[in-house]
Amino acid sequence: MREDFYYQQARIKGYRSRASFKLLQINNKFSVFRKGQIIIDLGASPGGWSQVASHLVGGNGKVIAIDKSYISPFKEKNVEILNKDILNRNLPIIVLETYGKTDGLISDCSPNITGDFSRDHAIQISLARRALALTQELIKDNGFFICKLFQGTELQDFIKEMKKHFETTKLYKPAASRKKSAEIYVIGLKYSISKDSSKETTN
Ligand SMILES: C[S@@+](CC[C@H](N)C(=O)[O-])C[C@H]1O[C@@H](n2cnc3c(N)ncnc32)[C@H](O)[C@@H]1O
């Protein structure tokens, strides 16, 4: 099965989670990462995305891995861990004081799945909204945003909100994301404070 393939590949390549391949596939499609960038990774535990981001930004770049759950230390020297809830209202101040504005924000945040689809969707979208709000405080003009979403009734409203802030907004389900999973990823390119939302398209 495909999930076994990515699970095994993660073990072979030393990634902490099979989720690493989702980020790699998103980057293969949209080419967002560059050497030297500073990236915030929300909902980073156990750390598969942070490892991928670390390699893509290289030794002159930095990844700030944030999760309310424990993240074990990385051997990658350019990854720093902040053990915080993303809902913590002091989080933007802490990040800005230490790192300044960053080049991109990625969020794979999801709640513990209860199986109650509407509830899981509502909680996950609220985490995505918090991540989007944090981009407005923490990323530079022209920065990028990659965010996990659970598909459901609030998805289109979220996309509309994204289009107010990014020149381009795309939805993408990487091959490594299980077909039966409701998850999909939204990619916002070229963050702009002054953007006119009426010009945007999604596909
Ligand atoms: C699917 S996992 C992320 C996997 C990770 N991207 C990787 O590649 O290893 C989702 C994460 O979101 C985190 N999360 C959920 N709600 C959060 C919150 N309010 N603040 C911080 N992290 C949160 C969970 O603790 C969990 O570690």
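Look up a bit, the structure's there.
Summarised in this report is the structure supplied together with it. Treat the numbers as computed from the prediction; the structure is a model and nothing was measured.

## A look at the overall build of the protein
Each helix and strand in the protein was counted, giving six helices and seven strands. Counted from the first residue to the last, the protein has its helices and strands arranged as α-α-β-α-β-β-α-β-α-β-α-β-β. On C-alpha atoms alone, the protein measures out to a radius of gyration of 16 Å, which is about the 17 Å that the 2.2 N^0.38 rule sets for 203 residues. Dimensions of the protein, computed from C-alpha atoms along their principal axes, come out at roughly 45 × 40 × 30 Å. Taking all 203 residues of the protein together, the buried fraction comes to 50%. A gap of 5 Å separates the mean positions of the 32 positive and 21 negative side-chain charges of the protein.

## Some thoughts on the site of the ligand
Within the structure, the ligand sits among 19 residues, and Trp49, Asp67, Asp85, Ile86 and Asp108 are positioned closest to it. Note that an oxygen atom of the ligand is positioned 3.5 Å from one of the backbone N or O atoms of Ser110. Partitioned by chemical class, the residues of the shell around the ligand number seven nonpolar, seven polar and five charged.

## Topic: the pairing of strand β7 (residues 183-191)
Summarising burial for β7: seven of the nine residues are buried, a large majority. Of the pairings in the sheet, the one linking strand β6 (residues 166-172) to β7 comprises six bridges and is antiparallel in character. Across the sheet, Leu171 pairs through a bridge with Val186, a residue of β7.

## Here we look at the packing of helix α4 (residues 91-99) against helix α5 (residues 117-138)
Packed helix pairs are characterised by how far apart their axes lie and by the angle those axes make with each other. As a packed pair, α4 and α5 sit with axes 10 Å apart at the nearest point and diverge in direction by 35°. Here α4 and α5 pass one another in a crossing that is right-handed. Where α4 abuts α5, its residues Leu91, Pro92, Val95 and Leu96 lie against Arg130, Leu134, Glu137 and Leu138. Class assignment of the residues belonging to the contact of α4 with α5 gives a composition of six nonpolar, no polar and two charged.

## What about the sheet that holds strand β2 (residues 62-67)?
Here we have seven strands laid out as an open sheet, ordered β3-β2-β1-β4-β5-β7-β6, and mixed in their pairing. Because the sheet does not close on itself, it has two edges, and the strands there are β3 (79-83) and β6. Neighbour-to-neighbour, the strand axes of the sheet open up by a mean angle of 15°, direction not taken into account. Of the strands in this sheet, β1 (38-42), β4 (102-107), β5 (139-150), β6 and β7 touch α5, which is tilted by about 175° from β5.

## Structural notes on unusual backbone geometry
When glycine is set aside, most residues are seen to have a negative phi, and most peptide bonds are trans. Residue Ser45 is joined to Pro46 through a cis peptide bond whose omega torsion reads 5°. Tracing the chain through its elements places Pro46 in the loop between β1 and α3 (48-57). One non-glycine residue, Ser31, lies in positive phi territory at about 45°. Positionally, Ser31 belongs in the loop between α2 (20-30) and β1. The phi torsion at Lys190 lies on the positive side, around 60°, for a residue other than glycine. Locating Lys190 in the fold gives a position in strand β7.

## A few points about α3
Of all 10 residues that make up α3, eight are buried, and the element is covered over most of its length. By the burial criterion, the buried members of α3 are Gly48, Trp49, Ser50, Gln51, Val52, Ala53, Ser54 and Val57. One or two residues past the end of α3 sits Gly58, with phi positive at roughly 75°.

## Here we look at the pattern of salt bridges
What the rule picks out here adds up to eight salt bridges. A salt bridge links Asp108 to Lys148; the shortest N-O distance between them is 3.0 Å. Of this pair, Asp108 sits in the loop between β4 and α5 while Lys148 sits in strand β5; the two residues are 40 residues apart in sequence, bridging distant segments of the chain. Under the relative-accessibility criterion, Asp108 is labelled buried at 14%. Looking at Lys148, the relative accessible area reads 6%, which means it is buried. The salt bridge partner of Arg129 is Glu154, with a shortest N-O separation of 3.2 Å. Of the two residues, Arg129 sits in helix α5 while Glu154 sits in the loop between β5 and α6 (155-163), which places them 25 residues apart along the sequence. Judged by its relative accessible area of 33%, Arg129 is partly exposed. Assessed through its relative accessible area of 28%, Glu154 is described here as partly exposed. A network of salt bridges, in which partner residues are shared, links Lys22, Asp108, Lys148 and Glu183.

So, how was this worked out
Residues numbered from 1 in each chain as written. Predicted model: local features only at pLDDT ≥ 70, side-chain atom pairs only at ≥ 80, totals over all residues. Heavy atoms only, no water. Helix = DSSP H or I, 4+ residues; strand = E, 2+ residues; numbered from the N terminus. Rg over C-alpha atoms; globule rule 2.2 N^0.38 Å. Buried < 20%, exposed > 50% of the residue type's maximum accessible area, 1.4 Å probe, protein only. Lys, Arg positive; Asp, Glu negative; His and termini not counted. Charge placed at Lys NZ, Arg CZ, Asp CG, Glu CD. Near = heavy atom within 4 Å. Polar contact = N/O pair within 3.5 Å; in protein donor to acceptor, adjacent residues only side chain to side chain. Nonpolar A, V, L, I, M, F, W, Y, C, P; charged D, E, K, R; others polar. Pairing = 2+ DSSP bridges. Axes fitted to C-alpha atoms, helices over the stretch in contact; angles between N-to-C directions. Left-handed = near helix turned anticlockwise from the far one by under 90°. Contact = heavy atoms within 4.5 Å. Salt bridge = Lys/Arg side-chain N within 4 Å of Asp/Glu carboxyl O.

That's the geometry; what it means functionally is another story.
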